[in-house]
Amino acid sequence: MRILMRYKWTWLSLLLALAMAAYLAVSSWASRTGKLPVIGEVQDFSLENVNGDIVTLSDTEGKVRLVYFFFTGCTDVCPITTFALSQVQDLLIRDGSFGMDAAFLSISFDPQIDTREAIKTFADRFHADYAGWYFLRGDQEKVRDLAARSFKILIAGTNKDNFAHANLIGLVDRRNRLRALYNASDTERVTPEFLASAVNRLARE
């Protein structure tokens, strides 16, 4: 029992990864072979941005969105994935779709540490263009519920010392439907070019 408790976050991370395997397999296969499946509907939310304004899902309706759950105290996957998203942003800016047909939602699940100021400092490190990239925060339990119900992403732990979460990026269509989940840690296949292409293909659907 002591061994299980000692490594509980390792085991939980493994279970989270296994639980998402089916979704990732479907998303990866469909994204390469044709039209993406509809995984589910994204529930509405009301979250605070770095300016203190309230942002809801409907504020970005009509755009294809990449959604990522993170916390600024993360020292491994979150900054790496956010950097990758900044590269996707640059590609979409180049082709004129960012902010027009595409938007990003980065949602913190650590409201105690992730103040508006802390999140903006984090976002500025990656040259986020706030015209199309929304960095958001809100009640921890509501964010957990949003991640689990709408994106099939489980978030465990209560602070930066024990958080465990799947490193996934959700792809949401113009009608607020989740169409794919991508394993952001698979940097060989889930490249910035791949994600930009996925966004553009869905925008043309």
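Whatever comes next refers back to the structure up there.
Residues numbered from 1 in each chain as written. Predicted model: local features only at pLDDT ≥ 70, side-chain atom pairs only at ≥ 80, totals over all residues. Heavy atoms only, no water.

**Examining the sheet that holds strand E1 (residues 40-41)**
Here comes step 1: Here eight strands make up an open sheet; going across it, the order is E1-E10-E9-E4-E5-E6-E2-E3 and the pairing mixed. The strands lining the two open edges of the sheet, one partner per strand, are E1 and strand E3 (54-56).
Here comes step 2: Against the sheet, helix H5 (residues 140-151) makes contact with E1, strand E2 (46-49), strand E4 (64-70), strand E5 (102-108), strand E9 (168-172) and strand E10 (177-183), and its axis sits at roughly 130° relative to E4, the strand it touches most. (Pairing = 2+ DSSP bridges. Helix = DSSP H or I, 4+ residues; strand = E, 2+ residues; numbered from the N terminus. Contact = heavy atoms within 4.5 Å. Axes fitted to C-alpha atoms, helices over the stretch in contact; angles between N-to-C directions.)

**Observations concerning the packing of aromatic side chains**
Here comes step 1: By the definition in use, this model includes twelve aromatic pairs.
Here comes step 2: Between Tyr130 and Phe135, the ring centres sit 6.5 Å apart and the planes meet at 70°, which makes this aromatic pair edge-to-face.
Here comes step 3: The class for Phe135 is buried, based on a relative accessible area of 2%.
Here comes step 4: Cluster of aromatic residues (ring-pair linked, three or more members): Phe70, Phe98, Phe104, Phe122, Phe126, Tyr130, Trp133 and Phe135. (Phe/Tyr/Trp six-rings, centres within 6.5 Å; stacked < 30°, edge-to-face > 60°. Buried < 20%, exposed > 50% of the residue type's maximum accessible area, 1.4 Å probe, protein only.)

**Observations regarding the nonpolar core**
Soluble globular proteins: nonpolar side chains tend toward being buried together.
Here comes step 1: Within the largest apolar cluster, 61 residues are counted, with the highest numbers of intra-cluster contacts made by Leu66, Phe69, Phe135, Phe151, Leu171 and Tyr182.
Here comes step 2: Ranked by the residues each element gives to this core, the list is headed by helix H6 (residues 192-203), at seven residues.
Here comes step 3: Not counting chain neighbours up to four residues away, the residues in contact with Phe69 comprise Ile107, Phe109, Val143, Leu146, Ala147, Phe151, Ile153, Ile155 and His165. (Core = buried A, V, L, I, M, F, W, Y, C linked by side-chain atoms within 4.5 Å.)

**Quick look at the side chain of Ser86**
Here comes step 1: Assignment of secondary structure puts Ser86 in helix H3 (residues 77-94).
Here comes step 2: The class of Ser86 is buried, set by a relative accessible area of 5%.
Here comes step 3: Contact partners of Ser86, with chain neighbours within four places excluded, come to Phe126 and Trp133.

**Section: H3**
Helical geometry: 3.6 residues make up each α-helical turn, so side chains three or four residues apart lie on a common side.
Here comes step 1: Relative to the 26 Å expected for 18 residues at 1.5 Å per residue, H3 spans 26 Å between its end C-alpha atoms, a close match to the ideal helical length.
Here comes step 2: Listed as buried for H3 are Cys78, Pro79, Thr81, Thr82, Ala84, Leu85, Ser86, Val88, Gln89 and Leu92.
Here comes step 3: Positive phi shows up at Gly96, right after H3, with a value of about 85°. (Expected span 1.5 Å × (residues − 1).)

**A look at the pattern of salt bridges**
Here comes step 1: Inspection of the entire model under this criterion finds ten salt bridges.
Here comes step 2: Close ionic contact of Glu48 with Arg137 constitutes a salt bridge, the shortest N to O distance being 2.8 Å. Residue Glu48 is located in strand E2, and its partner Arg137 is located in strand E6 (residues 133-137); the two are separated by 89 residues in the primary sequence. Residue Glu48 shares its accessibility class with Arg137, and that shared class is buried.
Here comes step 3: With its nearest N and O atoms 2.8 Å apart, the salt bridge here joins Asp173 to Arg177. For the pair Asp173 and Arg177, one class covers both residues: buried. (Salt bridge = Lys/Arg side-chain N within 4 Å of Asp/Glu carboxyl O.)

**Notes on unusual backbone geometry**
Here comes step 1: The backbone of Lys152 sits at a positive phi, close to 60°, despite the residue not being glycine.
Here comes step 2: Within the chain, Asn176 stands out as a residue other than glycine whose phi angle is a positive 65°.
Here comes step 3: With respect to the secondary-structure elements, Asn176 resides in the loop between E9 and E10.

**Re the pairing of E5**
Consecutive side chains along a regular strand alternate between the two faces of the sheet.
Here comes step 1: Counting buried positions along E5 gives seven out of seven residues, so the element sits mostly inside the fold.
Here comes step 2: On E5, burial covers both faces: Ala102, Phe104, Ser106 and Ser108 on one face and Ala103, Leu105 and Ile107 on the other are all buried.
Here comes step 3: As paired strands, E4 and E5 are joined by seven bridges and run parallel to one another. In the sheet register, Phe70 faces E5, and the bridge partner there is Ser108.
Here comes step 4: You can see the chain leave E4, run along H3 and come back into E5, and the turn it takes is right-handed.
Here comes step 5: Summarising the sheet, E5 and E6 pair through four bridges and their orientation is parallel. (Right-handed = clockwise from strand over helix to strand, strands pointing away.)

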